[in-house]
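Reading the structure
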Amino acid sequence: MRRADRLFQIIQILRRHRKPVTADAIAEELETSKRTVYRDIADLIGQRAPIRGEAGVGYILEDGFDLPPLMLTPEEVEAAVLGAQMVAARGDPALRRAAEDLIAKIGAVIPENLRPLVVEPATRAAPNWKATPDNIDMAEVRQSIRAGRKITLTYRDEQERETERTVWPFAIGYYETTRLIMAWCEMRTDFRSFRTDRVTAAVFCEARYPDRPASLRARWRRHQQEQWESMQARMRARERTAAE
């Protein structure tokens, strides 16, 4: 790998992570030595790249630094196009249009030698023939998440029972055939997920919920991790009991 390419890749690796990245991890990904990584990082810092950290601890790229957009490798172009294809196959109408526009924009601005990767891509996402239709305006749901606004849902569960829930939406899960709205439920005072095909009515409220969407997502991830660890502990306990 040329030195200029290696410096660029170090920046990309650091941009990819929020936590410090060790020289060992960088060297392994770039298939080079730690000594070379240390030297390259010193050169980047000397060129005023806002990298902070130290040997043995790791390095992090501070906010406010960016490289010229669309300096993409062939693999990055293929990844972007494939991802957009998958969104176009599985997203709601607004996301499908956005994915198609994204592919067109990438094709319009990348260098000529990379354009065939967009116009005639070698990677293809399969059509999603089994997707269930959404019974709620997903573009409005995303707007509510961005604004931190409540939604009042009329929801039908697996037993066909309907309840009315006021929720604080913070994420949407896109699965092969269904989509889930992840939210804090005021009625249950806990995290809940709601299938979009089981929503029978929705009112998009102007009222904001008393938290930030990013904070709710962080709490939900911790909640999921705790549930996973608890399940693993129960399984280990059952295995020990069975062995006895």
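First, a word on what this report is: a plain description of the structure on this page.

**Let's talk about the overall build of the protein chain**
Along its length, the protein chain carries 8 helices and 7 strands. At 23 Å, the protein chain has a C-alpha radius of gyration far larger than the 18 Å of a compact globule built from 244 residues. Each principal axis of the C-alpha distribution contributes one length, and for the protein chain these read about 65 × 60 × 40 Å. Counting the 244 residues in the protein chain, one finds 33% classified as buried.

**Topic: the packing of helix α1 (residues 3–16) against helix α2 (residues 23–30)**
The description of two packed helices rests on the angle between their axes and on the distance between the axes. Packing of α1 against α2 leaves a shortest axis separation of 11 Å and a crossing angle of 125 degrees. By the angle between their axes, α1 is oblique relative to α2. Our pair here, α1 against α2, has a crossing hand that is right-handed. Here α1 contributes Arg6, Gln9, Ile10, Ile13, Leu14 and Arg16 to the contact with α2, which in turn contributes Ile26, Glu29 and Leu30. Split by residue class, the contact of α1 with α2 holds 5 nonpolar, 1 polar and 3 charged.

**Regarding the pairing of strand β3 (residues 149–156)**
Every regular strand shows the same layout, with side chains that alternate between the two sheet faces. By the criterion of burial, β3 is predominantly enclosed, with 6 of the 8 residues buried. Bridge analysis of β3 against strand β7 (residues 199–208) gives 6 bridges, and the strand direction is antiparallel. In the sheet register, Thr152 faces β7, and the bridge partner there is Val203. The sheet contact formed by β3 and strand β4 (residues 162–174) spans 6 bridges and is antiparallel. The residue bridging Tyr155 from the neighbouring strand is Thr163, located in β4. What sits between the antiparallel neighbours β3 and β4 is a turn of 5 residues, in which Glu160 has the positive phi angle 65 degrees.

**Focus on the sheet that holds β4**
Spatial strand order, β6-β5-β4-β3-β7: 5 strands in an open sheet with antiparallel pairing. Edge positions in the sheet fall to β6 (190–195) and β7, since each of these pairs with one other strand and no more. Across the sheet, the mean angle from the axis of one strand to that of its neighbour is 45 degrees, orientation sign disregarded. Relative to strand β5 (residues 179–185), β4 runs antiparallel, the two sharing 7 bridges. Bridged to Trp168 within β5 is Trp184. Helix α8 (residues 213–243) rests against β4, β5 and β6 of the sheet, and its axis sits at about 90 degrees to β4.

**Quick notes on helix α7 (residues 138–147)**
Residues Met138, Val141, Arg142, Ser144 and Ile145 constitute the buried set of α7. For α7, the buried positions fall inside an angular range of 160 degrees around the axis, keeping them on one side. Its buried side turned inward, α7 meets α5 (93–109), β3, β4, β5, β7 and α8. Where α7 begins, the capping side chain belongs to Asp137, and its oxygen is found 3.0 Å from the backbone nitrogen of Ala139. After α7 finishes, the residue Gly148 shows a positive phi value of roughly 70 degrees.

**A look at the environment of Val167**
Structurally, the position occupied by Val167 is in strand β4. For Val167, a relative accessible area of 1% puts it in the buried group. With 104 residues separating them along the chain, Val167 and Asp63 place their C-alpha atoms 33 Å apart. Setting aside anything within four residues of it in sequence, one finds Val167 in contact with Lys150, Ile151, Leu153, Ala183, Trp184, Cys185 and Phe194.

**Re the pairing of β6**
Pairing of β5 with β6, which is carried by 6 bridges, proceeds in the antiparallel orientation. Among the inter-strand pairings, Met182 is bridged to a residue of β6, identified as Ser193. Connecting the antiparallel pair β5 and β6 is a turn made up of 4 residues, with Thr189 showing a positive phi of about 45 degrees.

Rules and cut-offs
- Numbers given to residues run from 1 along each chain, matching the order in which its sequence is written.
- The predicted origin of the model limits local features to residues at a pLDDT of at least 70 and limits the giving and counting of side-chain atom pairs to 80 or more, whereas totals for whole chains, interfaces and linings rest on all residues.
- The basis for every side-chain value is the complete set of heavy atoms in the structure, and neither hydrogens nor water enter the calculation.
- Counting from the N terminus, the helices are the DSSP runs of H or I reaching at least four residues and the strands are the DSSP runs of E reaching at least two.
- In this description the radius of gyration comes from C-alpha coordinates, and the expected globular size is given by 2.2 Å times residues to the power 0.38.
- Exposed residues in this analysis have more than 50% of their type's maximum accessible area, buried residues have under 20%, and partly exposed residues fall in between, with area computed by a 1.4 Å probe over protein chains only.
- Helix axes are fitted to C-alpha atoms over the stretch in contact, other axes to C-alpha atoms as well, and angles between N-to-C directions run from 0 to 180 degrees.
- Here the word oblique covers every angle except those under 35 degrees (roughly parallel), over 145 (roughly antiparallel) and from 65 to 115 (roughly perpendicular).
- Note on convention: near helix rotated counterclockwise from far helix by under a right angle means a left-handed crossing. Clockwise means right-handed.
- Between two residues, a contact is recorded if the distance between any of their heavy atoms is within 4.5 Å.
- Charged residues are taken to be Asp, Glu, Lys and Arg, nonpolar residues to be Ala, Val, Leu, Ile, Met, Phe, Trp, Tyr, Cys and Pro, and polar residues to be all remaining types, Gly included.
- Only strands joined by at least two bridges in the DSSP assignment are considered to pair.
- The directions considered for the arc run from the helix axis to the C-beta atoms.
- Pairs of N or O atoms are called polar contacts if they sit within 3.5 Å, as long as, within protein, a hydrogen donor faces a hydrogen acceptor (for residues adjacent in sequence, only side-chain-to-side-chain pairs).

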